[in-house]
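Residue-level structure breakdown
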Amino acid sequence: MTSLESARELLREFPVADGHNDLPWALREQVRYDLDTRDVAADQSAHLHTDIPRLRQGGVGAQYWSVYVRTDSPDPVAATLEQIDCVRQLLARHPEDLRPALTAADMEAARGEGRIASLMGAEGGHSIANSLGTLRGLYGLGVRYLTLTHNDNVDWADSATDAPRAGGLTAFGREVVREMNRVGMLVDLSHVAATTMRDALDTSTAPVVFSHSSARAVCDHPRNIPDDVLERLPANGGVAMVTFVPKFVLQAAVDWTAAADENMRAHGFHHLDTTAEAMKVHRAFEERRPRPVATVATVADHLDHMREVAGIDHLGIGGDYDGTAFTPDGLDDVSGYPNLLAELLDRGWSKADLAKLTWKNAVRVLGAAEDVARGLQATRPASNATIESLDG
C-alpha cells in the first residue's frame, strides 16, 4: 500500500477537523450569498477552493466555517450575523452532507453518521463591538471560537500585523477571555501579537487554539507562533493548527511579498489595490521576479518543528482555504489533505500521531473548553463589565 493509500484509509476513520475555512466570505464577495450560483454540491473549482465533492475527496469530517468580516465594516455585528446566516443556509441546503455541530459530542456524532460536522468561528474581536453581551449572543448562535483580532488591533487587544497599542491584552481584553472561558467559547490566538498570545495564556483557564497559524522559527512572519508560546501549549492543553498560506509558511514567499508590496507603494498604489492599473504594475513585477511556490513538504516542515516543541497532542490543521489567493503545490484545495498525511507518513509519523493531528486533538480541545465552562457557570455569573469601566 502506498503512503497516499494509507493516508486515505486513515482519513476514513479519523477525518480532518479543519480549524479555518473562509467559504462564507467568498460566497459573500463573489455572489452576495446567491447559493444557487455557487452551489457547493457541485464542482466549484473554477471559483472556490471548497465544495462538498472535494471536501469528501480530501477526507474532511469537521470544519470550522469562519464567519469573518472586514475590520473596516461599518456595522461588523450585522455583517457577522449575515455570515452566520450564510452557514445556516448551507446546512439547510445540504443536510445529507453537512451536520450542525455545537459540541465535541456533535463532532463525534457527525463522524459516526458520515457527515461533515459544521462549526463556526468568528475571526476578529471587532465582531463583538466591545460588548460581552454580543459575545454571548454569538455563542448562542453557534459560534464556538473567537479570534481575538484580525489584521488590525481592536480596542482591547494587539494584532500581529498592526503597530502595538495595548501591549497585549487590556483589562477589558482579559475580561473577554474570562467570559469566553465561562461560556465555553474557544480563545483563538491566530492573528494576534505574541504579547497578546502570552497575556491570553496567562489569563485563560481553558485550552486555547490557533485556528490557522504555523511556526515562526521555520518562517519568520508575525502571524506565526513563537517557540516560547508553543512550549506553553502542553500546560494549557491547547492546539496549534498549521496553516497552508504560502506567505506564512515559506520564507522566500514572505520576502517576495514584502518586495511586491514595496513595488506597489513605489508606483503610488496601496499594496492591496486590485484596480486594473495597480494589477498591471503587480503583473510586471511578477514577470521580473516569479512568485516562490510552497509545497506539501513546506507545510510538513512546520509540523515537524511544532511536534518537536509542543508535542503531538497539541497539533491540528487549519488550511485557510478560500481565505488566500495562493496555495501550496499539492494542497491546491480542500481535496489535498491526503497528500500532507502521505508526506508525514514518509517522514515517519505514525498512524496514531496522524489520528491526533487530524481529528482527536480538535475534538478534545472543544470538549475541554466545555468542561471548564460547566465549572465556571456553577460559580460565576455572566460578566456585564464594559470597556469604559475596565480600561477607562
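The present account deals with the structure reproduced in this document. As the structure is a computational prediction, the values presented were derived from the model and not from experiment. (Residues numbered from 1 in each chain as written. Predicted model: local features only at pLDDT ≥ 70, side-chain atom pairs only at ≥ 80, totals over all residues. Heavy atoms only, no water.)

Re the overall build of the protein chain
Scanning the protein chain from terminus to terminus reveals 17 helices and nine strands. For 392 residues, the compact-globule estimate of 2.2 N^0.38 gives 21 Å, and the protein chain sits close to it at 20 Å. Here the C-alpha coordinates of the protein chain stretch approximately 60 × 55 × 45 Å along the principal axes. Taking all contacts inside the protein chain whose residues are at least 6 apart in sequence as the whole, residues at least 24 apart take part in 72%. (Helix = DSSP H or I, 4+ residues; strand = E, 2+ residues; numbered from the N terminus. Rg over C-alpha atoms; globule rule 2.2 N^0.38 Å. Contact = heavy atoms within 4.5 Å.)

Considerations on helix H13 (residues 276-288)
The end-to-end C-alpha distance of H13, which contains 13 residues, comes to 19 Å, matching closely the 18 Å that a straight helix rising 1.5 Å per residue would cover. Within H13, burial applies to Ala278, Val281, His282 and Phe285. Burial along H13 is one-sided: seen end-on, the buried residues are contained in an arc of 95°. In H13, the exposed positions angled more than 90 degrees off the buried face are occupied by Ala276, Glu277, Lys280 and Glu287. (Expected span 1.5 Å × (residues − 1). Buried < 20%, exposed > 50% of the residue type's maximum accessible area, 1.4 Å probe, protein only. Arc of directions from axis to C-beta.)

Some thoughts on unusual backbone geometry
Located in the positive-phi region is Tyr33, a residue other than glycine, with phi close to 65°. With respect to the element layout, Tyr33 can be found in the loop between helix H2 (23-31) and helix H3 (52-57). Of note, His191 is a non-glycine position whose phi angle comes to about 80°, a positive value. Counting through the fold element by element, His191 comes out in the loop between strand E6 (186-188) and helix H8 (194-203).

Things to note about the layout of surface pockets
The calculated volume of the second largest pocket comes to roughly 240 Å³. Lining the second largest pocket are 16 residues, with Leu11, Arg12, Pro15, Gly59 and Val60 sitting closest to its centre. Of all elements in the fold, only helix H1 (3-13), H3, strand E2 (60-66) and helix H5 (104-113) reach the threshold of two or more residues within the lining of the second largest pocket. (1 Å grid on protein atoms, 1.4 Å probe; cavity = no way out; pocket = protein on both sides within 12 Å on 5 of 7 lines; lining within 4 Å. Points joined across faces, edges and corners; volume = space filled by probe spheres on them.)

Some details on empty space enclosed by the protein
The full count for this structure, using the stated rule, is one cavity of 30 Å³ or more. Approximately 30 Å³ is the volume found for the largest cavity. Tyr64, Tyr145, Leu186, Val209, Ser211, Met241, Ala362 and Val365 together form the lining of the largest cavity.

With respect to the packing of aromatic side chains
Per the counting criterion, the structure on display carries seven aromatic pairs. Note on Tyr321 and Tyr337: the rings are 5.9 Å apart at their centroids and 90° apart in plane angle, and the pair reads as edge-to-face. Here the residue Tyr321 occupies a position in the loop between strand E9 (315-317) and helix H15 (337-346), and Tyr337 occupies one in helix H15, the gap between them amounting to 16 residues. Of the residues examined, Tyr321 reaches a relative accessible area of 1% and is grouped as buried. Given a relative accessible area of 0%, Tyr337 falls into the buried group. Put simply, the rings of Phe244, Tyr321 and Tyr337 pair up and form one aromatic cluster. The positively charged end of Arg144 is found above the aromatic ring belonging to Tyr139, 3.7 Å away from the centroid. The lysine or arginine in question, Arg291, covers the ring of Phe326, its NZ or CZ lying 3.4 Å from the ring centre. (Phe/Tyr/Trp six-rings, centres within 6.5 Å; stacked < 30°, edge-to-face > 60°. Lys NZ or Arg CZ within 6 Å of the ring centre and 35° of its normal.)

Observations concerning the nonpolar core
Formed by 102 residues in total, the largest nonpolar core has its most connected members in Leu27, Met107, Leu148, Trp156, Leu189, Phe244 and Leu340. Broken down by element, this core gets its largest block of residues, nine residues, from helix H16 (residues 351-377). When sequence neighbours within four positions are dropped, the list of residues in contact with Leu27 reads Arg32, Tyr33, Leu35, Arg38, Leu48, Cys86 and Leu90. (Core = buried A, V, L, I, M, F, W, Y, C linked by side-chain atoms within 4.5 Å.)

A word on the packing of helix H14 (residues 296-310) against H15
Taken N-terminus to C-terminus, the directions of H14 and H15 make an angle of 60°; their axes are 9 Å apart at the nearest point. The pairing of H14 with H15 is recorded here as oblique in orientation. Along this stretch, H14 crosses H15, giving a crossing that reads as right-handed. Counted together, Val296, Ala297, Val299, Ala300 and Leu303 of H14 and Asn339, Leu340, Glu343 and Leu344 of H15 form the full contact between these two elements. In terms of residue class, the contact of H14 with H15 is made up of seven nonpolar, one polar and one charged. (Axes fitted to C-alpha atoms, helices over the stretch in contact; angles between N-to-C directions. Parallel < 35°, antiparallel > 145°, perpendicular 65-115°, else oblique. Left-handed = near helix turned anticlockwise from the far one by under 90°. Nonpolar A, V, L, I, M, F, W, Y, C, P; charged D, E, K, R; others polar.)

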